[in-house]
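One-letter residues, chain by chain:
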Amino acid sequence: MTADILTLDAVKSGDELPTLSYAVSATTVVVGALATRDWRPQHHDYHFATERNGVRDIFMNAPNQAAWFERYITDWTGPRGRLGKVGFRMKDSVFPGDTMTLRGTVTDVAVDEAGCGWVSLDVTMHADDRLATTCTARVAIPTAPDDNPWTRRGESWQPEQR
Amino acid sequence: MSEDLPADVAALIGEVQYEEAGDFPVERGYIWTSCASVENGNPLFWDDKVAAELTAGPIAPPSMLSTWFRPHHWAPGRDVQRLPLQVHFDLKEQLGLPEAVMTDNTITFYEPVRPGDTITTGQRLRSVSPEKQTKLGTGRFWVIDVEYRNDRGELVGIESWTGFGYRRAA
C-alpha cells in the first residue's frame with residue numbers, strides 16, 4: 001500500500017492535478033442540497049429558481065460545492081491527505097445540464113515548524129466554459145511513507161498558518 | 001475599526017453570540033449520503049480498517065462541518081426555522097442595510113468530527129468596515145466567524161464569512 005501514498009517529496013509548485021469532469025443533472029443538485037441539509041427552494045424548486053431568483057434553473061449550493069472540492073483534492077492525495085483550510089469565492093452558478101470541470105494547480109509546498117508537510121492549491125470549478133467558483137486550499141500530506149497527518153493535534157496541527 | 005460605527009454594534013465585536021447545539025449527533029448515514037452526493041470513494045469513510053489505521057475510527061469528511069449544525073427541515077414543536085448565521089441578519093437590521101451578499105467563505109479544520117459527536121456552534125463578529133461605495137451600492141463589509149466545538153469542548157473548525165450589507169444606489 002506504500003506505493004499508493006502521495007508524499008511531499010513527490011510534489012512541486014506548478015504541478016497540475018488530474019482534471020475531473022462531471023455531467024450535472026437536477027438529481028446532482030437536489031441530492032447535494034439534501035446531503036447538506038440545505039432546504040432553500042432555489043436548490044430544488046425549478047419554479048422558485050426561475051421566477052423568484054430569475055436564474056435559468058435550480059443551482060448547486062455552496063456547502064455541496066465544498067464537498068466536491070474535498071473529493072477532488074483527496075482523490076489526488078489519497079486517504080492520508082488531511083484538509084487544513086479551504087477558501088471559496090462564488091462567481092457564477094452550476095446548473096443541471098452543465099458539465100462541471102475541476103482543475104487544480106500546486107502553488108506551494110512547505111514543511112511547517114511542527115514538521116507537518118503542506119501543499120497549497122488553487123482549484124477552479126467551471127460550469128461549461130463559465131468560471132463558477134475559485135477555491136484555495138491547504139492540505140497536509142505525509143512527509144514520508146510512515147507519516148500520517150491525521151495523528152496531529154494541538155500545537156502540532158497548525159492549519160491556519162500561511 | 002470604523003469610528004462611525006454605532007456603539008451597540010461596536011460592543012458586539014469579539015463577543016460569542018447564539019451558542020447552540022446541533023439538533024442531532026453526527027451519524028454515518030449522513031456521512032454516506034454526503035459521500036454519495038459527490039461520488040467520494042475515499043476509503044477513510046467507507047472502509048473501517050482504513051479508518052482504524054489512519055484516524056483511530058470513523059470520522060466525517062471535514063467539508064461536512066456546517067451540515068452538522070444546519071437544522072433539519074422540520075422538528076416536533078418547532079414553528080420558526082432558525083437562521084444559520086443570525087449575526088449577519090442582525091447587522092443588516094442594526095445598520096439599516098436592507099440588502100446583503102456573502103463575498104468570501106473560509107473554513108479551517110481542527111479536530112476531526114466523529115460519529116456520535118454533538119456539535120455546538122457560536123457566532124463571533126470579527127470586524128465591521130467603514131461605509132464603502134461598491135458597484136452594488138453603499139454599505140459595509142463585515143467578517144463573522146462561526147466556531148464549531150464537539151461535546152468535549154474541542155475546537156473542530158472555524159468558518160469565516162465575509163458579508164457586504166448595502167443600500168442600492170438610487
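Source: prediction; values computed, not measured. (Residues numbered from 1 in each chain as written. Chains lettered and ligands numbered in written order. Predicted model: local features only at pLDDT ≥ 70, side-chain atom pairs only at ≥ 80, totals over all residues. Heavy atoms only, no water.)

A. Seen up close, the side chain of glutamate 147 of chain B. Residues and elements named next belong to chain B. For glutamate 147, the position within the fold is in strand S5 (residues 137-149). Relative accessible area serves as the criterion here: at 11%, glutamate 147 is assigned to the buried category. Looking at glutamate 147, its side chain comes within polar contact range of the side chain of arginine 124, at 2.8 Å. When residues no more than four places from it in sequence are discounted, the contact partners of glutamate 147 are Thr120, Thr121, Gly122, Arg124, Arg126, Leu155, Gly157 and Ile158. (Helix = DSSP H or I, 4+ residues; strand = E, 2+ residues; numbered from the N terminus. Buried < 20%, exposed > 50% of the residue type's maximum accessible area, 1.4 Å probe, protein only. Polar contact = N/O pair within 3.5 Å; in protein donor to acceptor, adjacent residues only side chain to side chain. Contact = heavy atoms within 4.5 Å.)

B. Quick peek at helix H5 (residues 86-95) of chain B. Every buried residue of H5 of chain B is accounted for by Val87, His88, Asp90, Leu91, Lys92 and Leu95 of chain B. Positive phi appears at glycine 96 of chain B, one or two residues downstream of H5 of chain B, with a value of about 65°.

C. Molecular detail of the interface of chain A and chain B. Each partner contributes to the interface: chain A provides 33 residues, whereas chain B provides 40 residues. Per-residue buried area on chain A facing chain B is highest for Arg37, Trp39 and Trp150 of chain A; these three make up 24% of the total on that side. In this assembly, chain A and chain B are joined by 4 salt bridges. Between glutamate 111 of chain B and arginine 153 of chain A there is a salt bridge, with the nearest N and O atoms lying 2.9 Å from each other. Scanning the region where chain A abuts chain B turns up 21 residue pairs in polar contact (both at pLDDT 80 or more). Put simply, the parts of the chain that give the side of chain A that touches chain B at least two residues each are helix H1 (26-35), helix H3 (62-77) and strand S2 (82-90) of chain A. Summarising the sheet, S2 of chain A and strand S2 (residues 99-109) of chain B pair through 4 bridges and their orientation is antiparallel. Looking at the pairing, phenylalanine 88 of chain A lines up with asparagine 105 of chain B of S2 of chain B. (Buried area = accessible area lost by both parts, 1.4 Å probe. Salt bridge = Lys/Arg side-chain N within 4 Å of Asp/Glu carboxyl O. Pairing = 2+ DSSP bridges.)

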